[in-house]
Structures are given as C-alpha cells and as structure tokens.
Amino acid sequence: QVQVVEFGGGLVQPGGSLRLSCVVSGNIFRLLAMGWYRQAPGKQRDLVATITTGGSTNYADSVKGRFTISRDNAKNTVYLQMNSLKPEDTAVYYCNADWAQIHNYWGQGTQVTVSS
C-alpha cells in the first residue's frame with residue numbers, strides 16, 4: 001500500500017518562501033509521476049505542478065517562474081519550492097502520486113497561508 005505524506009506548510013508573509021515536501025512509502029517511487037495540487041476555500045482543486053518519472057516538469061501559468069518542483073528518488077521525496085508567494089497562493093496543498101495512470105494516491109494535504 002502506497003502512502004503519501006506532505007510536510008512544510010505554514011504561515012508566510014507576501015513575498016516570502018516555503019518548501020513543501022512529500023514522502024511516499026514503498027519501493028516504487030521511481031515509477032511514479034508526481035504532482036502538487038491546491039484547493040482554496042470554496043474552489044476546486046487545481047494543478048500546481050507535475051514531474052514525470054524522467055524529470056520533465058509542468059506548471060500552472062499562475063506559478064511559473066515562482067515555483068519549482070523537483071524529486072529525489074533516493075529519498076522517495078518530491079519537493080515544491082515556492083518563492084515570491086502571494087496571498088492568492090493561500091490554499092491546502094496536496095501531493096499526488098500516479099502509477100501508470102492505473103493507480104492514483106493522494107496525501108492528506110498541508111495548509112499554506114500567505115498573509116501579512
């Protein structure tokens with residue numbers, strides 16, 4: 001059974017930075033496409049960034065140039081470095097693991113609040 005756990009949320013001022021981490025249990029991490037999604041109150045869950053097993057990345061237009069997704073297969077971990085944070089980045093951030101579009105796993109989410 002694959003478990004996905006996020007770390008690193010919190011309160012940060014506008015213009016600040018946070019790094020989220022997502023750890024995946026088991027020994028199949030290198031086979032998983034990973035992604036970060038976010039959901040603000042009253043809104044749908046939206047894609048933030050994805051990274052393939054080969055390291056190719058994709059970003060939502062709203063975070064391009066500010067956020068960076070990366071992965072460390074040796075640590076079963078995917079990261080989301082968030083810089084120049086804005087109040088509109090406030091949301092619960094979820095980590096997603098996808099195995100060949102057959103199995104999909106979600107973490108419990110971590111709150112990110114950008115406020116002065």
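As the structure is a prediction and not an experimental result, all values here were calculated from the model.

Caption draft 1: Looking closely at the sheet that holds strand β3 (residues 18-24). Reading across from one edge, β1-β3-β8-β7 is the order of the 4 strands in this open sheet, with antiparallel pairing throughout. A single partner strand is all that each edge strand has here, and the edge strands are β1 (4-7) and β7 (67-72). Between one strand and the next, the sheet's axes are offset by a mean angle of 15 degrees, whatever the strand orientation. Alignment of β7 against strand β8 (residues 77-82), held across 6 bridges, turns out to be antiparallel.

Caption draft 2: Representation of the nonpolar core in the model. Counting residues in hydrophobic clusters, the biggest one holds 31 residues, and the most contacted among them are M34, W36, V78, L80, M82 and Y93. Where this core is concerned, the elements lending two or more residues are β3, β4 (33-39), β5 (45-51), β7, β8, β9 (91-99) and β11 (110-114). Here Y93 is in contact with E6, L20, W36, Y37, R38, V48, F67, L80, M82, G109, T110 and V112, once residues within four sequence places are set aside.

Caption draft 3: View of the pattern of salt bridges. Taken as a whole and judged by the stated rule, the model has 3 salt bridges. Its salt-bridge partner being D89, residue R38 comes within 2.9 Å of it at the nearest N-O pair. Pair noted here: R38 is in strand β4 and D89 is in the loop between β8 and β9, with a separation of 51 residues, a long-range link. As far as burial versus exposure is concerned, R38 and D89 are alike and both buried. A salt bridge links D89 to R66, with the shortest nitrogen-to-oxygen separation between them at 2.8 Å. Placement of D89 in the loop between β8 and β9 and of R66 in the loop between β6 (57-59) and β7 is noted, with a sequence separation of 23 residues between them. R66 gets classed as buried once you look at its relative accessible area, which sits at 10%.

Caption draft 4: Looking closely at the environment of V63. By the secondary structure assignment, V63 is in the loop between β6 and β7. Those residues within four positions of V63 in sequence are excluded, and the remaining contacts are R38 and V48.

Caption draft 5: Main features of the pairing of β3. In terms of burial, β3 is a largely internal element, 5 of the 7 residues being buried. Judged from the 4 bridges that link them, β1 and β3 form a sheet pairing that is antiparallel. Bridging from a neighbouring strand, V5 pairs with V23 of β3. As judged from the 6 bridges shared by β3 and β8, these two strands associate in the antiparallel manner. Paired with V23 across the two strands is T77, which belongs to β8.

Cut-offs and rules
Residue positions within a chain follow its written sequence, with the count starting from 1. In view of the model being predicted, local features appear only for residues whose pLDDT reaches at least 70, and side-chain atom pairs are presented and counted only at 80 or more, with totals across whole chains, interfaces and linings using the full set of residues. Where side-chain values are given, they derive from all heavy atoms of the structure, hydrogens and water being excluded. Following DSSP output, two strands are said to pair if at least two bridges run between them. Secondary structure elements are defined from DSSP: runs of H or I of at least 4 residues count as helices, runs of E of at least 2 residues count as strands, and each element is numbered from the N terminus. Geometry is summarised by axes, namely lines fitted to C-alpha atoms with helices restricted to the contacting stretch, and by angles between N-to-C directions that run from 0 to 180 degrees. What we call a nonpolar core is a set of buried Ala, Val, Leu, Ile, Met, Phe, Trp, Tyr and Cys residues that are connected through their side-chain atoms within 4.5 Å. Per-residue accessibility, obtained with a 1.4 Å probe over protein chains only, is compared with the maximum for each type, and a residue is labelled buried under 20%, exposed over 50%, and partly exposed between these values. In this description, contact between two residues means that some pair of their heavy atoms is separated by no more than 4.5 Å. Whenever a carboxyl oxygen of Asp or Glu lies within 4 Å of a side-chain nitrogen of Lys or Arg, that contact is scored as a salt bridge.

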